[in-house]
Amino acid sequence: MSFMLKEQGYVLAIDQASNAAGVSLWYNAALKATTVLRSTSEKDPISQRLQDQLPQLDAFLSKHLPDSARITKIIFEGVR
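It should be emphasised that the depicted structure is a prediction, and the values quoted were computed from it without experimental measurement.

(A) Here's a closer look at the overall build of the protein. Scanning the protein from N- to C-terminus turns up one helix and four strands. Taken from the N to the C terminus, the helices and strands of the protein come in the order β-β-β-α-β. Expressed along its principal axes, the backbone C-alpha trace of the protein runs to roughly 50 × 30 × 15 Å. A buried classification covers 28% of the 80 residues belonging to the protein. Excluding contacts between residues fewer than 6 apart, the proportion of contacts in the protein whose partners are at least 24 apart in sequence is 42%. Summed over its atoms, the accessible surface of the protein is roughly 6000 Å², and 55% of this surface lies on carbon and sulfur atoms. Placing the 9 positive and 8 negative side-chain charges of the protein at their respective mean positions leaves the two points 6 Å apart.

This is the structure we're talking about:
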């Protein structure tokens, strides 16, 4: 017998990059929304690039995550 375990609740998946990070929001294994978080300039220090992306992530979640909902899992690629 084979089956696929499906995540319950909201899952945030992030394919991180310092200049353009892909983000997707899932609910009960169904894709709800995607976006790309972009930095202002690839020449800025990494700390500035990430600070540029944070408000974008906040706006994305504010738009697509209901007020009473919580993210139950974050999937983030392992990096070296």
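(B) Local environment of the pairing of strand β1 (residues 10-15). Among the six residues that make up β1, five are buried, leaving the element largely enclosed by the rest of the structure. The loop that links β1 with its antiparallel partner strand β2 (residues 20-27) comprises four residues. Across five bridges, β1 lies against strand β4 (residues 71-76) in parallel orientation. Bridging from a neighbouring strand, Ile14 pairs with Phe76 of β4.

(C) Spatial organisation of the pairing of β2. Of the strand pairs in this sheet, β1 and β2 are connected by six bridges, and their pairing is antiparallel. When the sheet's bridge partners are listed, Tyr10 is paired in β2 with Tyr27. Pairing between β2 and strand β3 (residues 30-38): eight bridges, direction antiparallel. Within β3, the position partnered with Ala21 by the bridge is Leu37. Hairpin connection from β2 to β3: two residues lie between these consecutive antiparallel strands, with Asn28 at a positive phi of about 50°.

What counts as what
Residues numbered from 1 in each chain as written. Predicted model: local features only at pLDDT ≥ 70, side-chain atom pairs only at ≥ 80, totals over all residues. Heavy atoms only, no water. Helix = DSSP H or I, 4+ residues; strand = E, 2+ residues; numbered from the N terminus. Buried < 20%, exposed > 50% of the residue type's maximum accessible area, 1.4 Å probe, protein only. Contact = heavy atoms within 4.5 Å. Areas by Shrake-Rupley, 256 points an atom, 1.4 Å probe, with all protein chains shown as cover. Lys, Arg positive; Asp, Glu negative; His and termini not counted. Charge placed at Lys NZ, Arg CZ, Asp CG, Glu CD. Pairing = 2+ DSSP bridges.

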